[in-house]
Amino acid sequence: MFDAGNKLFHYPRFKLKDRQLRPSLIMLRMLPRRYSRRLKLLALSGALFLMLLLVTLQQGGEGTMSPVPWPLVLPSTQEWVKVFVRFAAISNLTFQIVAPQPPSLGLHPTTVDPFCPSGFYSNVELRPYLQRPPEDQRSQGAYGRAFVSRHLSPEEQREKNKGLRTHCFNKFASDRISLHRSLGNDTRPPECVDRLFRRCPPLPSTSVIIVFHNEAWSTLLRTVYSVLYTAPAVMLKEIILVDDASTLDDLKAPLEHHVQAFKMVRLLRQQERKGLVAARLLGAQKAHGEVLTFLDSHCECFHGWLEPLLARIVQEPTAVVSPDIVVIDQNSLKFTRPVPTQRVHSRGNFDWSLNFGWETITSQERSRLKDETYPVRTPVFAGGLFSISKAFFEHIGTYDDKMEIWGGENIEMSFRVWLCGGQLEIVPCSVVGHIFRSSSPHSFPNGTDVIVRNQVRLAEVWMDDYKKIFYRMNKKAAAIAQENAYGDISERLRLKERLNCKNFTWYLNHVYPEAYVPDLTPALFGAVKNMGSETCLDVGQKNPQKPVMMYPCHNLGGNQYFEFTSQQELRHSVVCLHATLDSEPVRMDPCTYKGKGTEVTPQQEWVLTLILPKMFLLKNAILEKCLTLEGGKVVMKRCDLAHSYQHWTFI
Ligand SMILES: [Mn+2]
């Protein structure tokens, strides 16, 4: 009598409507022909009753499901389970009608749920989508090793130079390393290597989205193969390549032909160069996975990188998780393999020019991590490589789609995720390599002002009054803000309100309490001009413990921006003017004052003596000497009121 019900399990997947009808049809067929029309009528009304009951149960069933905390996405297989469970219940009810009850899950400990098995995924279950072909260990770059340079012919040298010029990394080397190279043994800490992942709830499926613009063929394809060789087939829904209007010939038809071999890989094109944000949004929109995993187009994934990211999202659906990003050397393509005993972690931060940077995690954060399987919280993320639940990505407002080309979108998303109910984390057990280039090979169609414009958008939406600190440091940004030339942000402000996001003070107090927050209204700030030379103090490229330099005043803020703080420092972001002895040049050193509980070192403490309106001697408190420009160098000398090369003004 349970045949009809049991058969359901053997049917191929058919539409829901069919499934609802099927039991009653089967029962009709089971009636011997000799029975009268009356019986058929009875059976029919019985069937009708059953269908009604089914509808009632299905409606009631929604309410009796244990509430799933939003935004945990249920895999589609689980939806099937629910349908089957309901059918089984109805088969029973046909013969013994009792009050409908919620499914008694867990009442019989001996029952094994085939759709949510206990235990952990086996290695076989986590098999990657493709098996990496055996590697010739003598080949260039094998096992993630460096490309070994030998003497190059003039022609090879030309090719190498061209690669460096157009791609800003050693394409010549990359082209000579296998697209399929392995990265050697799994050298992650043992707790990462040995970690098991529960089968239930299952790890979600993910779409890997890779945006590229004129990426070198070999790095792009190595990224794709690297995913295919490492991502478990059961979780890898697809790889979506989004071409942001590349112009290189091999990225056109040849790329299409190459990836056609893999049903797994889809190639989307943006006809017009719109930038990273638009391309990622296109990829996300077309993605079918429950989780979106974004990668850059010059990455290589290490053993077991994907599972810990997905597992963390199962555990905490509002977590936006990045792998530990390691360096693939831009010259030798050497992959920096993790070291099993290494326990130093970096996290992302920002300065008040809204530049992204790395710092070592605080001891407090370190003590939170029992071992490497724990996620590291990060105030800001680099934004190139990360996984996020697709539902949460949409809930939290995807990206600011009015940001152009590139720049600032990672800081925007960082602030938004933290302020609106999510969290940003780095998962140490997940290791992905990335080619960090020292300069960008890409053109900015409308100049680099788009970055500043993007930054102004994020400052206007998320930073409240703190945006003024940024504007003080970046005059271009101040002008864009002043002229309202940053586009319409009303949609983003509505999002902020709808999600009930917290304010920026909360972010600074709770997410990044270690941040140095400049005075909102410092007494003196701007460029520091020497009256003798009429040039300005300049910190140069960010490189602490470097002599401070003198450059023509450019009036843009940036590297010439200084603040005289309430602690009497002459500060540029996190570096301070640091007085030195004798004829040693005065340098920029990391500021010793970092908020409560820290002190200004006397060498960073300055006394300003007004000598004329707006004109000062800058005297160091401990050395009792004055900042002097001498022979093109900034040094400390005996103070002399009449010495114009000791006269400074803020402009
Ligand atoms: Mn990159």
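Residues numbered from 1 in each chain as written. Predicted model: local features only at pLDDT ≥ 70, side-chain atom pairs only at ≥ 80, totals over all residues.

(A) Just the sheet that holds strand 15 (residues 546–547), in detail. Strand order across the open sheet formed by 6 strands is 12-17-18-19-20-15, with antiparallel pairing between neighbours. With partners counted over all chains shown, the strands left at the sheet margins are strand 12 (524–526) and strand 15, one partner each. The sheet contact formed by strand 18 (residues 570–572) and strand 19 (residues 575–578) spans 2 bridges and is antiparallel. Each bridged residue has a counterpart across the sheet, and for R571 the counterpart in strand 19 is C576. (Pairing = 2+ DSSP bridges. Helix = DSSP H or I, 4+ residues; strand = E, 2+ residues; numbered from the N terminus.)

(B) Local environment of unusual backbone geometry. Between C200 and the following residue, P201, the backbone shows a cis peptide bond with an omega angle of -5°. Position of P201 among the secondary structure elements: in the loop between helix 7 (190–193) and strand 1 (206–212). Even without a glycine there, the phi angle at T398 is positive, about 35°. Inspection of the secondary structure assignment puts T398 in the loop between helix 13 (390–395) and helix 14 (409–419).

(C) Region of interest: the packing of helix 14 against helix 15 (residues 449–462). One can describe the packing of helix 14 onto helix 15 by two numbers: an axis separation of 9 Å at closest approach and a directional angle of 15°. Taken together, the axes of helix 14 and helix 15 are roughly parallel relative to one another. In this structure, helix 14 crosses over helix 15, and the sense of that crossing is left-handed. Listed contacts from helix 15 to E409, I411, E412, F415, R416 and L419 of helix 14 are N454, L458 and W462. (Axes fitted to C-alpha atoms, helices over the stretch in contact; angles between N-to-C directions. Parallel < 35°, antiparallel > 145°, perpendicular 65-115°, else oblique. Left-handed = near helix turned anticlockwise from the far one by under 90°. Contact = placed C-beta atoms within 7 Å.)

(D) Region of interest: the pairing of strand 3 (residues 265–270). Of the pairings in the sheet, the one linking strand 2 (residues 236–244) to strand 3 comprises 6 bridges and is parallel in character. Bridge pairing links V242 to L268 in strand 3. With helix 9 (residues 253–260) bridging strand 2 and the parallel strand 3, this β-α-β connection has right-handed handedness. (Right-handed = clockwise from strand over helix to strand, strands pointing away.)

Nothing here speaks to function; it is all geometry.
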